[in-house]
Amino acid sequence: MQPNRVQAAQEVHASIADVVGIVEQSAFQKLKTSQAFWVSVALFVLVVFMTMLEPSFGTAENATNITRNFAPIAIMGLGMTVVLITGGIDLSVGSVMGLVAIVAGVLLTAHYSWYVAFSAGLLAGIACGSFNGFFVAYIGMPSFVVTLGMLSIARSLAVVLSGNQMLYQFGPDAPIVKAIGQAKWPVHSPDGWVPYWIPQFSSHFWVMVVMALALGWVFIFTAWARHLFAIGGNESAARMTGVPVDKIKFQAYVFSSFCASIASLLLLGYSGSAINAVGTGYELRVIAGTVIGGASLMGGYGTAFGAVIGSAFLEVVRNALLMAGIDSNWQGAFVGIFIILAVLLGMGTSGRSLKSFFIIKRG
């Protein structure tokens, strides 16, 4: 009787494993099922194809422009990824950018020091994130509703504070502000060590790299990140196991607004001016970049690398369309198509396959 019981237990164990799909994967298998990996492959193919089609696409100057343009979106995408992992969404990031730029611009115009102005801008952004986090985490309101409300509130505050005017007379610290936003490294010079085929990466790019590496480390090595993923996977189960769900969700929205604030201040320095329209429509680009990079809109999954590579892919596509002479008004259509394709790809690589989806629909 004992051998039969062992055999029966093994059969039950095997059937359970088949049902839940828990299979040990090798590193190569994990790589193949990573959406960010396939987006990277698509990005490489697109760059090679466009360089062959239009040689100016592959120049160091164009690479500098591309990396500078997508870096602020990727920085915001890092914060959006954290929010998406919890199962929420932040629609206010673009308006937070506008408010942060105006707050800093008003103080610079009043001849305050650059660090005072930047600190005030950061505090304004963090206040917006705290507002979002409080009502989502502690009051229990849907993130869509709260952040949509903040989208309007922050934009209106930016218009009021600026008097609906462009701010550009930044006082004695204007050169420092511009240096922060316009700095490049490595620098091309006749007597320098850097060959001209190497792009001059902007300060936006280097800030993005540092923040992405830091967030990647957090995702891998910290208990905070494990709690974050647990909330997105099953919030009720996370509460039962003692995870401080409300606190973690609150912090996620604060971090999202913090990232938007950093991106805003970099753009402020690059343009040398502040307008209340800064960041208009950026929420779509940020969400698109993170979803294309593999973050799940249903929560429970996202990576720092995915946020960066998804944002880079969108900017390369935009740049390629311009160089191919395609009307820029088509860009929105391409972004929408890529969002749909990214979600479809995510359904096939993370837990729920397209095949099972159609089987359920027919059943």
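Every chain's residues receive numbers from 1 upward, in the order its sequence appears when written. Per-residue local features of the predicted model are confined to residues with pLDDT of at least 70, and side-chain atom pairs are confined, for both listing and counting, to 80 or more; whole-chain, interface and lining totals are unaffected and use all residues. With hydrogens and water stripped out, all remaining heavy atoms of the structure feed into the side-chain values.

As a further point, take a nonpolar patch on the surface. The grouping of Phe-134, Tyr-138, Ile-139, Met-141, Phe-144, Val-145 and Leu-148 at the surface amounts to a nonpolar patch, some 630 Å² of accessible area in total. At the level of elements, helix 6 (114-138) and helix 7 (143-162) are the ones that each hand at least two residues to the nonpolar patch. By the criteria applied, helices consist of DSSP H or I runs no shorter than four residues and strands consist of E runs no shorter than two, each listed in order from the N terminus. Broken down by element, the nonpolar patch gets its largest block of residues, three residues, from helix 7. Using a 1.4 Å probe on the protein chains alone, a residue whose accessible area is under 20% of its type maximum counts as buried, one over 50% counts as exposed, and one in between counts as partly exposed. Of the residues examined, Phe-134 reaches a relative accessible area of 38% and is grouped as partly exposed. Patch construction takes residues with relative accessible area above 30% that form no salt bridge. Like charges are linked within 9 Å, and nonpolar side chains (Val, Leu, Ile, Met, Phe, Trp, Tyr) are linked within 5 Å. What sets the accessible areas is the Shrake-Rupley method with a 1.4 Å probe; for residues, cover comes only from the shown protein chains. The rule for a salt bridge is simple: a side-chain nitrogen of Lys or Arg has to be within 4 Å of a carboxyl oxygen of Asp or Glu.

Right, let's get into the environment of Glu-315. Take Glu-315: it is sitting in helix 14 (residues 304-323). Looking at Glu-315, the relative accessible area reads 2%, which means it is buried. Between the alpha carbons of Glu-315 and Ile-66 there is a distance of 6.5 Å; along the sequence they are 249 residues apart. A contact between two residues is defined here by any heavy atoms of the two lying within 4.5 Å. The contact partners of Glu-315, leaving out residues within four places of it in the chain, are Ile-66, Asn-69, Phe-70 and Arg-285.

A helix is expected to span 1.5 Å multiplied by its residue count minus one. The end-to-end C-alpha separation of helix 9 (residues 203-221) is 27 Å, in line with the 27 Å expected for 19 residues at 1.5 Å each. Summarising the contacts, the buried residues of helix 9 are in contact with helix 4 (60-85), helix 8 (174-182), strand 2 (201-202), helix 10 (223-233), helix 12 (245-271) and helix 14.

Between helix 13 (residues 282-292) and helix 14, the least distance of the axes is 7 Å, while the angle of their chain directions is 115°. Considering the relative orientation of helix 13 and helix 14, their crossing is right-handed. The segment helix 13 lies against helix 14, with Arg-285, Ala-288, Gly-289, Thr-290 and Ile-292 engaging Gly-306, Ala-307, Gly-310, Ser-311, Phe-313, Leu-314 and Glu-315. By residue class, the composition of the contact of helix 13 with helix 14 is five nonpolar, five polar and two charged. Lines fitted to C-alpha atoms define the axes, with helix axes restricted to the stretch in contact, and inter-axis angles between N-to-C directions lie between 0 and 180 degrees. Each helix crossing is assigned a hand: it is left-handed if the near helix lies turned anticlockwise from the far helix by less than a right angle, otherwise right-handed if that turn is clockwise. Here the nonpolar group is Ala, Val, Leu, Ile, Met, Phe, Trp, Tyr, Cys and Pro; Asp, Glu, Lys and Arg are the charged ones; every other residue, Gly included, is treated as polar.

This part takes up the packing of helix 8 against helix 12. At a minimum axis distance of 6 Å, the contact between helix 8 and helix 12 shows a crossing angle of 115°. With respect to each other, helix 8 and helix 12 are oriented roughly perpendicular. Handedness of the crossing formed by helix 8 with helix 12: left-handed. Contacts between helix 8 and helix 12 involve Val-177, Lys-178, Ile-180, Gly-181 and Gln-182 from the former and Leu-266, Gly-269 and Tyr-270 from the latter. Each angle gets one of four labels, with under 35 degrees taken as roughly parallel, over 145 as roughly antiparallel, 65 to 115 as roughly perpendicular, and the rest as oblique.

A few words on the pattern of salt bridges. Taken as a whole and assessed by the stated rule, the structure comprises five salt bridges. Note that Glu-235 and Lys-249 form a salt bridge whose closest N and O atoms lie 3.4 Å from each other. You can see Glu-235 sitting in helix 11 (residues 235-240) and its partner Lys-249 sitting in helix 12, a full 14 residues away along the chain. On the basis of relative accessible area, Lys-249 is assigned to the buried category, the value being 11%. Between Arg-318 and Glu-315 there is a salt bridge, with the nearest N and O atoms lying 2.7 Å from each other. Taken together, the positions of Arg-318 and Glu-315, both in helix 14 and three residues apart, correspond to about one turn of that helix. The partly exposed category is assigned to Arg-318, whose relative accessible area is 23%. Bridged by salt links that share partners, the residues Glu-235, Arg-239, Asp-246 and Lys-249 form one connected network.

The next point concerns the environment of Leu-157. Looking at the secondary structure, you find Leu-157 in helix 7. Considering only alpha carbons, one finds Leu-157 and Val-103, 54 residues apart in sequence, at a separation of 9.5 Å.

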